[in-house]
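Structural overview for review
The lines below spell out each chain.
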Amino acid sequence: MRASSSSLAILVALASTIDAFTPIKPHTASSTALRAEAPPSSSGFLTPELAQSCIDTAAGTPLYAYSLATLAKSVDDVLDFPNAYGLTVRYAMKASPNGSILKYFLSRGICIDASSGFEVRRAMDYGVPAEKISLSSQELPQDFAELVKMGVKINACSISQLERFGQAFPNCSQKVGIRVNPGVGSGGFSSSTTGFSKTNVGGPSSSFGIWHEQVTDGTVPAIVEKYGLEPERIHTHIGSGSDPAIWQSVAKTSLSFCAIWDTVTALNLGGGYKVGRNPGEATTDLSSIGAPVTEAFVEFAKEHGRELKLEIEPGTYLVANAGALVTTIQDKVSTKSPSNDDGYTWLKMDAGMTDVLRPSLYGAIHPITILPASGKSADVGTSTESVVVVGHCCESGDLMTPKPGEPESVEERALRTAEIGDIAVMDGSGAYCAGMSTKNYNSFPEAPEVLVDLDGKVHLIRKRQSLKQIYENECDVPSGLF
C-alpha cells in the first residue's frame, strides 16, 4: 500500500523555495531501451486520429485517455490468477479512482481495496456494495464502526487500530482482518528488502502493518482475546513493482500467520505486480508466480484442515497500460551553443507533475510518443532528435524524462522531431497518475478523463475542472482585519 495520494500531492506542491530552485543534475543518456531508431507512429493504443478524437471530446489538452480493451484484457488476466480454493480480486482504487473505471470492474466481478474512509464512501457513491469493499488504511477513519456495520471489511493496520476496533465491538465475535508487516519488503525502485524506499511497504523501514513479531509474541492474540474478536483475514503487502521471487516467499510466510487463529478463512497477499511500461521491461507472469503459492495453500489445508481463499489487490497491473496522458507541446527551447557542451533541446508540455507525478517523485520512466498536430497518420514524420521533456510548472523538478530511479537527474530521450503544437502522448499513465497528481499547483486545473470503448468511440468520463472550482472553498476573513 502506498502513502496517501493527497499527502504526497501536498508535500510536492508545497515544496520550499529552496527546493524549487535546486538545480537538477545533468546526465548523458545511456539507456538503449528507450532510444529506438524508428520511434513508433502511434502510442500504446492511440493513433494520431484517435488521439485527436480524444482531444476533441475533452475540448483540448491535457487529458487522460483510457482504453476499455486494455482494461478488459487486464481483468481477464487477474481473474485467471492461480488459486486452490477460491479467489477474490480487489482493485486498489487509489491507482485510478474514476467512477466509470470502478463500475466497469464491478461489472466484471472485481471488488474494491480502499485506502481511506473517503475512498470507501466514494466507491459506495458509485454503487459498489459495502460488503465488496475492504479497507486497509494508515488512518482509521472516525466513522469506521459505521462502515463495519454497513458491511465494509476492515484490516487493522496497527496495534492501536486493533485496540480501537476492539473497543468499538467488544465481546461480540466481530470479524476483523489483520495486516501484518512480514519483515521484508520489495519495491520497483529499490533492491533492498529492509531499507526505506518510496515503493517498498514492508520491512523495518516501513510503517505499514503490524510488525510480525507482535503477532507471533502474543501481543496481537492477547488483544484479539481481550475483545473477543474473530480474525477472518490475514493481509500482507510488500510493495509496488515487487520482485516476484520475494513476493512468493512472503506469500508462503504469511500462511504461518493464518495458522495462529482457526477462524481465518482468507489470506490477502496485496498487489504490487510489476508492469512493463517501456520496451524491454517485463510484466509479471501471474500464472508463474501464482502456481507455487497455490501449492502452499494446498499444503496448509493438509496440515491445518482449512481451505483458505486467496485475495489479491492489483492496481497498477489492471490500469497502468490502459491509460495515457495526452498533451500538447506548447514550447520548445534550447540551451545548446558552440561554447556549451552541456546544453539540451527542451520540449515543454502543457501538462506535467500536475498530471503525472511519478517521474518527479520516483524517477519513473514513461514512454513518450510525438504525434503530428494535424492528428493525421499521413503527417507522421521520420526525423528524430534527442530532447529533454519537462512539464509546465514553475518548478525545476517538473521533469518528465529523468534518469531511471533518479528524479533529479536529466536524461535525454530520442523522440520524433517535434514542433510547437504537436501532440505528445505519455503512455503507462493509467495508474497513480490522475489519482496521485499535484493538481492545482500553479492553479492549473484538474485534467479531464476520457474512455475509448471497444468500437473506438471516445466518451468523456470526467470534465475539466474550472478555475473557479479550484478556489471555490476559500473563505474571506472579516472586513477590516487587514
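Read on for an overview of the structure. (Residues numbered from 1 in each chain as written. Predicted model: local features only at pLDDT ≥ 70, side-chain atom pairs only at ≥ 80, totals over all residues. Heavy atoms only, no water.)

Counted by the stated rule, this structure contains 7 aromatic pairs. Residues Phe 81 and Tyr 273 carry aromatic rings whose centres are separated by 6.0 Å and whose planes lie at 35 degrees to one another, so their mutual orientation is tilted. On the criterion of sequence distance, the pair formed by Phe 81 in the loop between α4 (68-79) and β2 (87-92) and Tyr 273 in the loop between β9 (266-268) and α12 (286-304) is long-range, its members being 192 residues apart. We classify Phe 81 as buried; its relative accessible area is 1%. Looking at Tyr 273, the relative accessible area reads 3%, which means it is buried. Note on Tyr 273 and Tyr 317: the rings are 6.5 Å apart at their centroids and 85 degrees apart in plane angle, and the pair reads as edge-to-face. Of the two residues, Tyr 273 sits in the loop between β9 and α12 while Tyr 317 sits in helix α13 (residues 316-319), which places them 44 residues apart along the sequence. Both residues of the pair, Tyr 273 and Tyr 317, count as buried. (Phe/Tyr/Trp six-rings, centres within 6.5 Å; stacked < 30°, edge-to-face > 60°. Helix = DSSP H or I, 4+ residues; strand = E, 2+ residues; numbered from the N terminus. Buried < 20%, exposed > 50% of the residue type's maximum accessible area, 1.4 Å probe, protein only.)

With that settled, the discussion passes to the nonpolar core. Among the nonpolar cores identified, the biggest contains 102 residues, and Tyr 91, Phe 105, Ile 112, Ile 133, Ile 234 and Val 319 are the most heavily contacted of them. Of the residues forming this core, the biggest block, 6 residues, is contributed by α12. Ala 58, Ala 65, Val 450 and Val 452 belong to the second-largest nonpolar core, a separate cluster that totals 17 residues. (Core = buried A, V, L, I, M, F, W, Y, C linked by side-chain atoms within 4.5 Å.)

Moving on: unusual backbone geometry. A cis geometry characterises the amide bond from Thr 61 onward to Pro 62, with omega recorded as 0 degrees. Note on placement: Pro 62 falls in the loop between α3 (48-58) and β1 (63-67). Of note in this structure, Asn 171 is not a glycine but carries a positive phi near 55 degrees. Of note, Asn 171 is situated in the loop between α8 (159-168) and β6 (175-181). You can call Asn 171 exposed: its relative accessible area is 63%. Its identity as a non-glycine residue notwithstanding, Ser 443 has a phi of 60 degrees, on the positive side. Here Ser 443 is to be found in the loop between β18 (423-427) and β19 (449-452).

For the rest of this paragraph, the subject is the pairing of strand β3 (residues 111-114). What you see with β3 is no split at all: Cys 111 and Asp 113 on one side and Ile 112 and Ala 114 on the other are buried throughout. Across 3 bridges, the pairing between β2 and β3 is parallel. Within β3, the residue paired with Arg 90 across the bridge is Cys 111. Crossover connection from β2 via helix α5 (residues 99-107) to parallel β3: handedness right-handed. In the sheet, β3 pairs with strand β4 (residues 133-136) via 3 bridges, with the strands oriented parallel. Following the sheet pairing, Ile 112 is matched in β4 by Ile 133. Of the crossover connections in this fold, the one passing from β3 over helix α6 (residues 117-125) to the parallel β4 is right-handed. (Pairing = 2+ DSSP bridges. Right-handed = clockwise from strand over helix to strand, strands pointing away.)

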